[in-house]
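Report on the structure
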Amino acid sequence: MSLITLDCKGLPCPQPVLRVKDALERGASRIEVLTDNEAAKDNVLRFARSQGHTAIIADRPDGGFVISVAITGKPMTQTDETGCCCDTPAAPRLVYVISSDSMGRGSEELGWALLQTYIQTIKEIKPLPDKILFYNSGVKLVASSSGALDALRELQNQGVEILACAACLDFFQLKTAMQVGQISNMYAIMDAMASADKLVSPF
């Protein structure tokens, strides 16, 4: 199968990513994705590259984007001359899930303070997580002035991927206020959970 063009204009996340995934599974060698919003563009780019493929972006005259994906396949594992795999075992994938802006039940003010302290403490626990997922009112932690922001920036600088649900940011009108991490979608959040070796949540 050669070029597949996917018209994803107007589609909410994670539909553009799911359509790209379907095209890959059907054996496409090249994919062009037409989209008209930043969230879909970023999520398609991130998904394609996470699969080991080349993805580039160009602006469309109507203000949208064209994402061109060239199927290069996932990087091959290194082997020695005898064909034996030389890779070392991968470290367990740890994912933290933050789904609320309050830790525990009772005082919301206390719960907010506890959650900030919880996030500040993540960097002290080894191993560090691969990802931290924020959804529902948890997205307030990546967009509100709090003690959590500096801690999250430090974790991000250490290679921890911070993903915030786009629909949740929209619901709380926080997308333009986001100060750390990446805007993501439900497919990426579910994929991170499903592929994790361990999920950790304070709730």
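What to know about the pattern of salt bridges
- Applying the stated criterion across every chain, the model contains 11 salt bridges.
- Among the salt bridges present, the one from Arg93 reaches Asp197, with a minimum N-O distance of 4.0 Å. With a gap of 104 residues between them, Arg93 in the loop between β4 (65-70) and β5 (94-98) and Asp197 in the loop between α6 (186-195) and β9 (198-200) connect regions that are remote in the sequence.

Things to note about the environment of Ser2
- In this fold, Ser2 is placed in the segment before β1 (3-7).
- For the pair Ser2 and Ala28, spaced 26 residues apart in the sequence, the C-alpha separation amounts to 5.7 Å.

Looking at the sheet that holds strand β3 (residues 54-59)
- With respect to topology, 4 strands assemble into an open sheet ordered β1-β2-β4-β3, the strand pairing being mixed. The outermost strands of the open sheet, each flanked by one partner alone, are β1 and β3. Sheet twist, expressed as the average angle between the axes of neighbouring strands with direction ignored, equals 15 degrees.
- The strands touched by helix α1 (residues 15-25) within the sheet are β1 and β2 (30-35), with β1 carrying the most contacts at an inclination of about 160 degrees.

Here is what the cut-offs are and how they apply
- Residues numbered from 1 in each chain as written.
- Predicted model: local features only at pLDDT ≥ 70, side-chain atom pairs only at ≥ 80, totals over all residues.
- Heavy atoms only, no water.
- Salt bridge = Lys/Arg side-chain N within 4 Å of Asp/Glu carboxyl O.
- Helix = DSSP H or I, 4+ residues; strand = E, 2+ residues; numbered from the N terminus.
- Pairing = 2+ DSSP bridges.
- Axes fitted to C-alpha atoms, helices over the stretch in contact; angles between N-to-C directions.
- Contact = heavy atoms within 4.5 Å.

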